[in-house]
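Coordinate analysis (summary)
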Amino acid sequence: VIDLLPPMETRLFTVGRLDENTEGLLLLTNDGELAHRLAHPRFQVERVYRVLVAGHPSPEVLKQLQEGLFFTEGKFRLRQAKKLKTKGQSTLVEVLITEGQNREVRRLFARIGHKVMSLQRIQFGPLRLGELAPTEY
């Protein structure tokens with residue numbers, strides 16, 4: 001994303017990552033310490049995502065995701081998972097995580113048999129995406 005900006009004299013840091021199939025809030029700052037405090041897992045900064053998944057995960061399945069599942073890198077878990085609504089054969093879920101492991105949300109839902117069809121980060125720490133459309137800031 002830095003390559004898309006005009007040349008600047010100030011160094012910019014990206015906070016967090018979004019994979020190529022994820023959209024939403026992406027933070028840039030010239031404050032390296034702030035970037036570190038927001039991104040490092042030790043600080044447990046909350047990230048909220050809206051997830052459209054195939055099928056209809058039951059309350060028990062969402063509870064299982066909050067209790068956690070084991071992967072090669074360790075135990076991944078959602079801090080919260082709330083079903084927002086169903087749309088045909090899919091379900092919109094809002095999830096909260098605090099560590100942001102590589103493809104964590106996608107991998108958790110895949111493990112329980114609910115493919116992620118779209119994923120959008122709507123909040124990072126105290127900052128919310130709000131009504132911003134793609135490419136807006």
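Before reading further, recall that the structure is shown in the block above.
Below, the structure is looked at part by part. (Residues numbered from 1 in each chain as written. Predicted model: local features only at pLDDT ≥ 70, side-chain atom pairs only at ≥ 80, totals over all residues. Heavy atoms only, no water.)

**What to know about the nonpolar core**
Formally: Residues belong to one nonpolar core when they are buried, are Ala, Val, Leu, Ile, Met, Phe, Trp, Tyr or Cys, and are joined through side-chain atoms within 4.5 Å. Only protein chains enter the accessibility calculation, which uses a 1.4 Å probe; a residue whose area is less than 20% of its type maximum is buried, one above 50% is exposed, and one in between is partly exposed. The helix count covers DSSP runs of H or I at least four residues long, the strand count covers runs of E at least two residues long, and both are numbered beginning at the N terminus. Throughout, a residue-residue contact means that at least one pair of heavy atoms, one from each residue, lies within 4.5 Å.
Residues Val51, Leu65, Leu78, Val95, Val105 and Phe109 are the most contacted members of the largest nonpolar core, which totals 20 residues. Elements with a contribution of two residues or more to this core: β4 (47-54), α2 (59-67), β5 (69-71), β8 (90-97), α3 (104-111) and β9 (116-124). In this structure, Leu65 is in contact with Arg77, Leu78, Leu108, Phe109 and Ile112, ignoring residues within four places of it in sequence. With 8 residues, the next largest nonpolar core counts Val15, Val45, Phe124 and Leu129 among its residues.

**Considering α3**
Taken residue by residue, α3 has Glu104, Val105, Arg106, Leu108 and Phe109 as its buried positions. Positioned one or two residues after α3, Gly113 has a phi angle of 85°, which is positive.

**Some details on the side chain of Gln123**
Under the convention used in this document: The definition of a polar contact used here is a pair of N or O atoms within 3.5 Å, where within protein one atom must be able to donate a hydrogen and the other to accept one, and adjacent residues in sequence count solely through side-chain atom pairs.
Within the secondary structure, Gln123 is located in strand β9. Engagement of the side chain of Gln123 in a polar contact is seen with the backbone oxygen of Gly125, the distance being 2.8 Å. A polar contact is formed between the side chain of Gln123 and the side chain of Arg128, at a distance of 2.4 Å. Look past the residues within four positions of Gln123 in its chain and what remains in contact with it is Leu25, Glu46, Arg47, Val48 and Arg128.

**Things to note about the pairing of β9**
The condition is simple: Pairing between strands is defined by DSSP: at least two bridges between the two strands are required.
Relative to β9, strand β2 (residues 22-24) runs parallel, the two being bridged by 3 bridges. In the sheet register, Gly24 faces β9, and the bridge partner there is Arg121. Bridge analysis of β4 against β9 gives 7 bridges, and the strand direction is antiparallel. Bridge pairing links Arg50 to Gln120 in β9. Bridge count for β9 against strand β10 (residues 127-128) is 2 bridges, and the pairing is antiparallel.

**Things to note about the pairing of β4**
Most of β4 sits out of view: 6 of its 8 residues are buried. Pairing of β4 with β8, which is carried by 8 bridges, proceeds in the antiparallel orientation. Paired with Arg47 across the two strands is Ile97, which belongs to β8.

**Thoughts on a nonpolar patch on the surface**
How we decide: Like charges within 9 Å and nonpolar side chains (Val, Leu, Ile, Met, Phe, Trp, Tyr) within 5 Å are joined into patches, using only residues over 30% in relative accessible area that form no salt bridge. Shrake-Rupley sampling with a 1.4 Å probe provides the accessible areas, and residues are treated as covered by the protein chains on show and by no other component. Salt bridge, as applied in this entry: a Lys or Arg side-chain nitrogen positioned within 4 Å of an Asp or Glu carboxyl oxygen.
Together, Val1, Ile2, Leu4, Leu5, Met8, Leu26 and Leu28 line one region of the surface with nonpolar side chains, adding up to about 610 Å² of accessible area. Of note, Leu26 is situated in the loop between β2 and β3 (27-29).

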